[in-house]
Amino acid sequence: MVSYKELGLVNTREMFAKAVDGGYAIPAFNFNNMEQLQAIIQAAAETKSPVILQVSKGARNYANATLLRYMAEGAVAYAKELGWEHPQICLHLDHGDSFETCKSCVDTGFSSVMIDASSLPYEENIALTKKVVEYAHKFDVTVEAELGVLAGVEDEVSAAESHYTKPEEVIDFATRTGCDSLAISIGTSHGAYKFTPEQCTRDPKTGRLIPPPLAFDVLHEIEKKLPGFPIVLHGSSSVPQEYVDMCNKYGGNLPNAVGIPEEQLREAAKSAVCKINIDSDSRLAMTGAIRKYMAENPSHFDPRQYLKPAREEMKKMYIHKIVNVLGSDGKAE
Ligand code: G3H
Ligand code: 13P
Ligand code: ZN
C-alpha cells in the first residue's frame, strides 16, 4: 500500500472547494508519455495552477500502470525543481471501469479515482459507485462518479447518442453514493468529432462548422439541486482549428473535426463546473507539430528533434487553457 500523501500528491477536495467558490475550474489533462507530462508540469508550474494528471485504462495499457504512477511521483519533484514551491498535483484514474481497477489505483498512490458506471442501470451505478467510495475514503482518496451518458467512446464503452443527466436524480445519487464530484452529460463528448456536420451550422464566411450550444439549462438545474457540489465536464477539448489545419496541411486527414467552443467552457468554468477534462487537444497539438516537423525536415530521425517542438506546442496549449479558459492560474502559489 502506497499512500499518495507520501508522494507529495493531493486529492481533489480542497482544490474543488476553492474552484467552486472562486468561479474557476481545475484542468484535468490526460497523459500517456513523458513529453505530455513534462509539458503539463511546466505549464502548471509556470502559471502556478493546481493540476490533475489523468491516467485512463488505455494509458495504463499503453505505458504500463506502474511506470505511469512513478512518473506522476516524479512530476512532483520536477515541479519543485522548476521553482513551484507548493505544487498541487492530483493523480487521477480516468474512467475507472471496475472496483478492482479503482482499488489498485488507491493502493498504488493515486489521490483520486473515477468510477464510471454511467452505462449501467441507475441502481447498479449507485451500488458500484458506493462500493468504490467506501474503499477510497478509508484512505482519503476522492471519488468522481458519472451520471448521464456522453456520446462517443468512453474507453471501451461507446454510445451512439448522449443522454443528458437528469437533474431530478442528482440529489439521490450524490447522497446515496457519497461521491465527491459528479461528471454530468450536457452535450460534450469525447474525441475530435464531437458533433456530426448535420448537428452543426456553417459559418458562411469560413465554411467552418459551428456546433450546437451545451445544455446550460440542465447544468443550472443541477447546480440548484446540489449547491456548491463539484461538477465535472468530460469531453471538453475545443479541437483548435489551427491544429486541425496543421495536421491536414502536413499529410493528415481530419475532415470536419469539431469541439466545444472555448467561450462555452469559459462560462462553464465560472459555474459549479470545477474540473474540465482535456485530452484530444493535446493529441492534436502533438500530432500537428510532429507532422509539420517531419514534413519540413525529412532527413531527421532523432525522436528528440520532432518531440521537442511537439512538447512546446502542448505546453503553449496547456498554458492557454489555464490562463484564458479555466482561470486557474495563480491559484496554487
Ligand atoms: O475519456 C477518454 C480519454 O480521452 C482517454 O482516452 O482511453 O484513449 O486513453 P483513452
Ligand atoms: P476530450 O476528448 O474532449 O479531450 O475529452 C477527454 C476526457 O473527457 C477524458 O476523460
Ligand atoms: Zn472522459
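Provided above is the structure to which this section pertains.
Let us look at the site of ligand 2. The full set close to ligand 2 counts 13 residues, and His234, Ser237, Asn277, Asp279 and Ser280 are the nearest of them. Within the residue set of the shell around ligand 2, elements represented by two or more residues are β3 (89-96) and β12 (273-278). Its residues placed into classes, the shell around ligand 2 shows one nonpolar, 10 polar and two charged.

Here we have eight strands rolled up into a closed barrel, ordered β1-β2-β3-β4-β5-β8-β11-β12, and parallel in their pairing. This sheet shows a mean twist of 25 degrees between the axes of neighbouring strands, independent of strand direction. The pairing of strand β5 (residues 142-147) with strand β8 (residues 181-184) spans four bridges and is classified as parallel. Counted as the bridge partner of alanine 145 is leucine 182 from β8. Packing against the sheet, helix α12 (residues 303-326) makes contact with β1 (26-30) and β12, and its axis sits at approximately 150 degrees to β1.

For the rest of this paragraph, the subject is helix α6 (residues 122-137). The end-to-end C-alpha distance of α6 is 22 Å, a good match for the 22 Å that 16 residues give at a rise of 1.5 Å each. Buried within α6 we find Asn125, Ile126, Leu128, Thr129, Val132, Val133 and Ala136. At its buried positions, α6 is contacted by α5 (99-107), β4 (112-115), β5 and α7 (167-177).

The rules we used
- Residues numbered from 1 in each chain as written.
- Chains lettered and ligands numbered in written order.
- Predicted model: local features only at pLDDT ≥ 70, side-chain atom pairs only at ≥ 80, totals over all residues.
- Near = placed C-beta within 6 Å.
- Helix = DSSP H or I, 4+ residues; strand = E, 2+ residues; numbered from the N terminus.
- Nonpolar A, V, L, I, M, F, W, Y, C, P; charged D, E, K, R; others polar.
- Pairing = 2+ DSSP bridges.
- Axes fitted to C-alpha atoms, helices over the stretch in contact; angles between N-to-C directions.
- Contact = placed C-beta atoms within 7 Å.
- Expected span 1.5 Å × (residues − 1).
- Buried ≥ 20, exposed ≤ 12 C-beta atoms within 10 Å, placed from the backbone.

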